[in-house]
Amino acid sequence: QKEVEQNSGPLSVPEGAIASLNCTYSDRGSQSFFWYRQYSGKSPELIMFIYSNGDKEDGRFTAQLNKASQYVSLLIRDSQPSDSATYLCAFLRGRDDKIIFGKGTRLHILP
Amino acid sequence: SQTIHQWPATLVQPVGSPLSLECTVEGTSNPNLYWYRQAAGRGLQLLFYSVGIGQISSEVPQNLSASRPQDRQFILSSKKLLLSDSGFYLCAWSTIRASGANVLTFGAGSRLTVL
């Protein structure tokens with residue numbers, strides 16, 4: 001079983017709609033979860049981190065964590081063309097505190 | 001403020017040649033440092049992790065090695081490159097936020113093509 005799983009996409013969403021990105025993880029000892037955005041040819045940049053069950057909101061972004069289901073998601077409201085990128089899910093592995101990434105989901109916002 | 005520098009940005013190397021990628025961090029002391037590689041279709045793979053000078057943890061067996069000669073310097077090396085070493089190499093450092101979350105910040109990356 002892979003440690004982190006994401007749908008590779010591409011996920012196409014009309015401009016102004018809500019984009020929903022999902023991620024599952026296998027390590028029940030994980031405590032911290034991250035969403036990074038990566039534009040083509042650039043390095044990843046942090047969007048949000050979450051470590052408590054429930055929702056965390058920051059502007060147009062909402063991260064959702066369900067530890068019982070081992071599931072974390074990212075919602076992007078009022079999607080803009082500039083949101084088109086690859087979104088990487090990551091978690092802090094409990095046994096050694098290393099940060100492990102999924103392969104990412106490509107998001108394409110349609111103008 | 002903290003900044004992370006990584007070089008060179010791009011390089012093309014023949015198979016069998018050596019490699020040296022360098023990363024330095026400014027504005028912080030005793031950072032945790034990481035080397036990741038992003039190859040086509042394989043996602044972001046953790047290669048090495050360091051918590052201090054001379055302390056290196058290797059995540060996967062490979063043709064690469066890492067060294068940390070100074071507190072804020074992290075070097076990735078190879079004696080003989082393979083075609084499979086091609087990829088986008090990312091140095092990162094982590095900081096503990098006030099919330100307790102361990103957050104990674106990446107450098108701009110080094111794109112390596114082995115021919």
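To be clear, the structure that these remarks concern was listed above.
Now for a look at the structure at hand.

Conventions used here
Residues numbered from 1 in each chain as written. Chains lettered and ligands numbered in written order. Predicted model: local features only at pLDDT ≥ 70, side-chain atom pairs only at ≥ 80, totals over all residues. Heavy atoms only, no water. Helix = DSSP H or I, 4+ residues; strand = E, 2+ residues; numbered from the N terminus. Buried < 20%, exposed > 50% of the residue type's maximum accessible area, 1.4 Å probe, protein only. Contact = heavy atoms within 4.5 Å. Areas by Shrake-Rupley, 256 points an atom, 1.4 Å probe, with all protein chains shown as cover. Lys, Arg positive; Asp, Glu negative; His and termini not counted. Charge placed at Lys NZ, Arg CZ, Asp CG, Glu CD. Salt bridge = Lys/Arg side-chain N within 4 Å of Asp/Glu carboxyl O. Pairing = 2+ DSSP bridges. Phe/Tyr/Trp six-rings, centres within 6.5 Å; stacked < 30°, edge-to-face > 60°.

What follows deals with the overall build of chain A. The secondary structure content of chain A amounts to zero helices and 11 strands. Projecting the C-alpha coordinates of chain A onto the three principal axes gives extents of approximately 45 × 30 × 20 Å. Per-residue burial for chain A yields a buried fraction of 45% across its 111 residues. In chain A, of all internal contacts separated by at least 6 residues, the share reaching a separation of at least 24 is 54%. In the structure as shown, chain A presents an accessible area of about 5300 Å², 46% of it carried by carbon and sulfur atoms. The distance from the centre of the 13 positive side-chain charges to the centre of the 12 negative ones in chain A is 6 Å.

Okay, the pattern of salt bridges next. Throughout the structure, instances matching the rule amount to nine salt bridges over all chains. Between Arg93 of chain A and Asp96 of chain A there is a salt bridge; the shortest N-O distance is 2.7 Å. Classification of Asp96 of chain A as partly exposed rests on a relative accessible area of 23%. A single salt-bridge network, built from bridges that share partners, covers Glu3, Arg93, Asp96 and Lys98 of chain A together with Glu59 of chain B.

Here we come to the sheet that holds strand E7 (residues 61-66) of chain A. Residue and element names in this part refer to chain A. Strand order across the open sheet formed by five strands is E1-E3-E8-E7-E6, with antiparallel pairing between neighbours. Taken across any chain shown, the strands that pair with only one partner, and hence form the sheet edges, are strand E1 (4-5) and strand E6 (54-58). Sheet topology places E1 next to strand E3 (residues 19-25); two bridges connect them, and they run antiparallel. Each residue of the ladder has a partner; that of Val4, found in E3, is Tyr25.

Here we take up the packing of aromatic side chains. Residue and element names in this part refer to chain A. Here the structure, examined in full by the defined rule, presents 12 aromatic pairs over all chains. Ring centres of Tyr25 and Phe33 lie 4.5 Å apart, and the angle between their planes is 45°; on these two criteria the pair is classed as tilted. Owing to a relative accessible area of 5%, Tyr25 belongs among the buried residues under this scheme. Classification of Phe33 by relative accessible area gives buried; the value is 2%.

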